[in-house]
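Here's the letter readout for the chains.
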Amino acid sequence: MSYDAETIAQLETGQLVLRDFLTVFGKNGGTPVEINFWTGEDNVAANVVSAQDGSTDARNYIGGGTLRDVPPIVDAIGLEARSIEFGLSQIQSDVQDMVRAYNVRVAKVEFQRGLYDPATWSLVSTPFPRFLGRVDGASVETPEVGGEGAIRLTAASSNIDLTKTSPALKSDETQRLRSDDRVRRYSDTAAQIEVFWGLAKGSAD
């Protein structure tokens, strides 16, 4: 991916303070709801680059340990669908609402990363997208006494959509919808026809 000049300049200094931003587009009943967490300490309003269309979106992120564990995001060429797992607080009420009160099944997921200037503690530039996908599972790890639990959100990259198969039947009727294509006109009877390979029909050898 390409970075803006401000981000490139900060990367070249080697002085990096990284913060991660996670958005899940779920539903509260039938109403869309945007759920935002980040790895900072306080709640914050931030503009981020949308992973869906490249626009700049203003979002309100909840911090204070909500987003705890972010796996390495690997840039790779290809169409392979990748899965990543985010670790979130098991005791934070906003995280609990995400998995218990809202519907996040196959919800869109965006993940951005932002660079902060360690001298001013301000964003160097608009946080850039690192991942786009959808929720592929969510689990609540309840700890034993004295232990530490977590909520695990698994997301599959948007390439997972390329693995879908067409629900259309492989039939003459379906094929004819494509400019009256008749390539499957004999598909219903083809299995009833005997085909002899290598020998003439009725040969004793």
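In the block above lies the structure referred to throughout.
About the criteria used
Position numbers for residues start from 1 in each chain and track the written sequence from start to end. The model is predicted, so local features are restricted to residues of pLDDT at least 70 and side-chain atom pairs to those at 80 or more, both for listing and for counting; the totals for chains, interfaces and linings are taken over all residues. Computation of side-chain values covers all heavy atoms of the structure but excludes hydrogens and water. Counting from the N terminus, the helices are the DSSP runs of H or I reaching at least four residues and the strands are the DSSP runs of E reaching at least two. By the convention used here, residues are in contact when the closest approach between their heavy atoms is within 4.5 Å. Throughout, nonpolar core names a set of buried Ala, Val, Leu, Ile, Met, Phe, Trp, Tyr and Cys residues whose side chains join them through atoms within 4.5 Å. Here's how the labels work: a residue is buried when its accessible area is under 20% of the maximum for its type, exposed when over 50%, partly exposed in between, all with a 1.4 Å probe on protein chains only. Distance and chemistry together define a polar contact, namely a pair of N or O atoms within 3.5 Å, with one atom able to donate a hydrogen and the other to accept it when in protein, and with adjacent residues in sequence counting only for side-chain atoms on both sides.

Visitor: How would you explain the overall build of the protein if you had to name every residue and give the values?
Guide: Secondary structure assignment for the protein yields three helices and ten strands. Counting from the amino terminus, the protein carries its helices and strands in the arrangement α-β-β-β-β-β-β-α-β-β-β-β-α. Contacts in the protein between residues at least 24 apart in sequence constitute 59% of all its contacts with a sequence separation of at least 6.

Visitor: Describe the nonpolar core, naming the residues involved and giving the relevant values.
Guide: In terms of nonpolar packing, the biggest core is built from 22 residues, with V24, F86, L88 and M98 touching the most fellow members. Looking at this core, the elements with two or more residues in it are β1 (17–28), β2 (31–38), β6 (83–88), α2 (93–100), β7 (103–117), β9 (128–141) and β10 (150–157). At four residues, β7 tops the list of elements feeding residues into this core. For M98, the residues in contact, after removing those within four places along its chain, are V24, I35, F37, L88, V104 and L153. Core analysis: the next-biggest nonpolar cluster, separate from the first, contains seven residues, V17, W38, Y61 and Y116 among them.

Visitor: Before we move on, could you go through unusual backbone geometry and cite the residues and values that matter?
Guide: Even without being a glycine, V106 presents a positive backbone phi close to 50 degrees. Phi is positive for W121, which is not a glycine, with a value near 55 degrees. Note on placement: W121 falls in the loop between β7 and β8 (122–123).

Visitor: Which residues make up the environment of D53, and what are the values?
Guide: On the secondary structure map, D53 appears in the loop between β3 (44–49) and β4 (56–61). On the accessibility criterion, D53 (58% relative accessible area) is exposed. Only 3.3 Å separates the side chain of D53 from the side chain of S50, close enough to count as a polar contact.

Visitor: Please set out the side chain of R152 residue by residue, giving values where relevant.
Guide: Its place among the elements puts R152 in strand β10. Within the structure, R152 has its side chain in polar contact with the side chain of D69 (distance 3.3 Å). Polar contacts involving the side chain of R152 include one to the side chain of E141, which spans 3.4 Å. Excluding its chain neighbours within four sequence positions, the residues that come into contact with R152 are D69, E85, F86, G87, G137, A138, S139 and E141.

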